Structures are given as C-alpha cells and as structure tokens.
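If you want the building blocks of each chain, they are given just below.
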Amino acid sequence: MHEGAEDKGDKQNKGKSRRWFLKTMAGTACAVGVGKGIDLLLPLTICRAGEWDGPVTDHFNGKYFYNPERVGLKSTHKASSIFRWFFRKRVKGHYPEVAENTCRPQLATNVDGSNWEVTMVNHSTLLIRAGGINILTDPIWSNYTSPVQFAGPKRKRPVGIAWDALPKIDVCLISHDHYDHFDATTLKRLYERDNPLFIVPLGLRSLLNYHTNATPRCEEKDWWDTVQVSPEVSITLTPALHWSRRYRHPEGSNRSLWCGFSILVKNGPHLFFAGDTAASRCFDDIYRRLGAPHVAILPIGAYRPDWIRTHHTNPADAVHIMQQLHAPLAIACHFGTWQLADDGYQENLDDLAAALKAAGIPAEQFIAPENGQTMRGKLP
C-alpha cells in the first residue's frame, strides 16, 4: 500500500514537472515568436530605414553608404557595444532639468542682404534666417528622441521657440535619420503647416514620404550637390563622418546618407551647419571647395565614453573643425536638451572653454547658446 502511494506520488510529480516543462517551452516559444514578430514589424513601420538605389561611388557600394576615410578601420560603433554601454553601470555627468528657458527669441521682421540671424531652438534644431528666407535644421519638438513618445532619452528643457511662435519655414534641412535629427512627428507637423522645401541626403526621401503619408517638396542629393532655393540662396550638401540607422539590425544600417549643409547667400553671408559628425579631414576639403563660412554651427555634445567619438565630436574636436573651416565665428549645437551620452551639460561648457583657451581663441568667437537665444550679425 505504501509503495503504491509512493508510485502514485511519483507519477503526479512527474506529471507536474512535464506540464511545467511544456508550459515553459510554450511560453518561451511564444516569447521568441513575439520577439521575431516585433523584429519583422518595427523595421517596416516606426523604425523604418531609408533606402537608395543608385550607382556605386566612393562612399556608396551599391547597397550601403560608408565613410571613405574609415575604409579598412574596425568600427567600434556597433549595436553590441551600444547595448553593453546602455545597460552597464555608468557614471553620468549632471544634466539639469529646466522648466523655463531664460532666453527669449528676438526675431527680426526680415533678414536679408548682408544680415544673418540664428536662433537656438534645441539640440540640433536651429532657425537660420538669411537672404530673406527661413531655414530650419533637423527639427524636433517632441519630448523623446525615440520612435515612441513614452520611452527613450527624455527632454530636459523646453524648446526655445514655441511651435505656434515659429515663423513660416521656407526650407527644412535634414542631416540624417537618427531620432534626434529625424523626428517623424515634427516633420509631419511641419509639412502640414508650411509645406517647406525639404533638402535631404540620398535615401531619406522615401522615409520622409512614409512618415508624412504624402510626397512633400523634396530635393534628395549627394555630397557636393547644390540646390538653388531662391535667386539669392544656394545650399550645398557637404560630407560628414557619421552613420545612419533607425533599428538595431545591421541590415538597416547606412541605407541612407548623412551630411552637413553650406548655406550661401549671393553677395551676403555664408553659413555652415555640420549636422552630426566626428572629427574628419573632410572639413579641410569643405574649406578648399566652398571657402570659409562666416558662421559655422558645430556639434559639441554626446562624446563620453570615448568610443562614441568615432562618430561624434567633443568640444576640442569642434574647435579644431572651426579652425579647419577658417570660420571667424562658431555656434555650438547637439547639446543642452537631451542627455544622449555620459557627458553632462556643464561638462560640455567647461570642455569647450578649455578647448578654446588651449587654441588661443576668444570665448566670444564660439558661442554655446541657450535654448531661445538669438544671435545675429551683418557683414562689413
């Protein structure tokens, strides 16, 4: 009798173990299936990449874009290194949260002739006014630099120009597809409100069309191509040392190009917007081809840990780019609103001050503006 009870108990335990094992396997298979489904769905929807089909060039191999000066060098900017960095214990610099900006935009009625005006909106979004037109760079009014508005790097301070106070935009420049530069929500709002001329690097027209659910006016160009946006203003796409990707799969990496922009007003100011970049010899080429800009807008943030500098600049790099371009005045961007790396806000400012001192450049020649700050000038 006792042995029979034991046998029955063993069978029950084995049955429970078998059921537990089957449920675990079913749950695991379900989770894997959901994960694979998400992996298939996201790159086709909110994490969609751009695409380009064109001839092979010195920076396009027929499928992917690449940085010519990095050919043969091993990249450290991989999804695995980003994942490890994001989830490890990190020492992050302080990034203050600001409820209200201290600066208010001071926009002139019109900016033409030899005048120029630049207002910092946030991060790499700047309102550039010259030659009688209004130009907006890498616009983002969202709270998260993410494909969704409930997760990701969160806004630390308000935009410098409220959406309703933004003047009509004639031209929108998009440097590449990263979420802090290509914000789908803002671009759709901008298209519906102003229908500006979008100027984008190769591969981004399809992405813009997808997220606006329309076919906006768009000039999709390669490095060194020029768009005549008005009788007075021409804009040339320039090289940068960066990359593109909106989802983690390597298959979706570098399917669209990245760039900077040179804005030239006939008999007027020459302004340069670098977009996002690492230190590069391409800025020597830009100076040789296009001359020295009167104003260079250069990124100074998101550079720690050091491996991030394979595609980003720290303040010392930005000062060197200013020198490569022979620009008499620089304006800092890519800092101050979202903490995208481990460097802190004051660290950005302190490192810029130290770099300028080391280079013997007066602090007033490289401005690190607050959101909402308007800077202007006039050629002699």
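Cut-off values and rules
Residues numbered from 1 in each chain as written. Predicted model: local features only at pLDDT ≥ 70, side-chain atom pairs only at ≥ 80, totals over all residues. Heavy atoms only, no water. Phe/Tyr/Trp six-rings, centres within 6.5 Å; stacked < 30°, edge-to-face > 60°. Helix = DSSP H or I, 4+ residues; strand = E, 2+ residues; numbered from the N terminus. Lys NZ or Arg CZ within 6 Å of the ring centre and 35° of its normal. Salt bridge = Lys/Arg side-chain N within 4 Å of Asp/Glu carboxyl O. Pairing = 2+ DSSP bridges. Contact = heavy atoms within 4.5 Å. Axes fitted to C-alpha atoms, helices over the stretch in contact; angles between N-to-C directions.

1. Concerning the packing of aromatic side chains
- On inspection of all chains with the given rule, the structure shows 5 aromatic pairs.
- Note on Phe272 and Phe283: the rings are 6.3 Å apart at their centroids and 90° apart in plane angle, and the pair reads as edge-to-face. In this pair, Phe272 sits in strand β10 (residues 270-273) while Phe283 sits in helix α5 (residues 282-290), placing the two residues 11 residues apart along the sequence.
- An aromatic cluster is built from Tyr95, Phe335 and Tyr345, whose rings are joined through pairwise contacts.
- Positioned over the ring face of Tyr345 is Arg157, at 4.6 Å from the centre of the ring.
- When the ring centre of Trp163 is taken as origin, the NZ or CZ atom of Arg189, which lies over that ring, is 4.2 Å away.

2. A closer look at the pattern of salt bridges
- Across all of its chains, the model carries 12 salt bridges by this definition.
- Measuring nitrogen to oxygen at the nearest pair gives 3.0 Å for the salt bridge that ties Arg309 to Asp317.
- Three or more residues joined by partner-sharing salt bridges are found here, namely Glu117, Arg129 and Arg376.

3. Here we look at the sheet that holds strand β8 (residues 233-238)
- Taking strand neighbours across the sheet as the criterion, the 7 strands line up as β7-β8-β9-β10-β11-β12-β13 in an open arrangement whose pairing is mixed. In the strand order of this sheet, the two ends are held by β7 (226-228) and β13 (366-367), each with one partner.
- By the bridge criterion, 6 bridges tie β8 to strand β9 (residues 260-265) in an arrangement that is antiparallel. Considered in β9, the bridge of Ile235 is made with Ile263.
- Along the sheet, helix α6 (residues 315-325) makes contact with β10, β11 (295-299), β12 (330-333) and β13, crossing β11 at roughly 150°.

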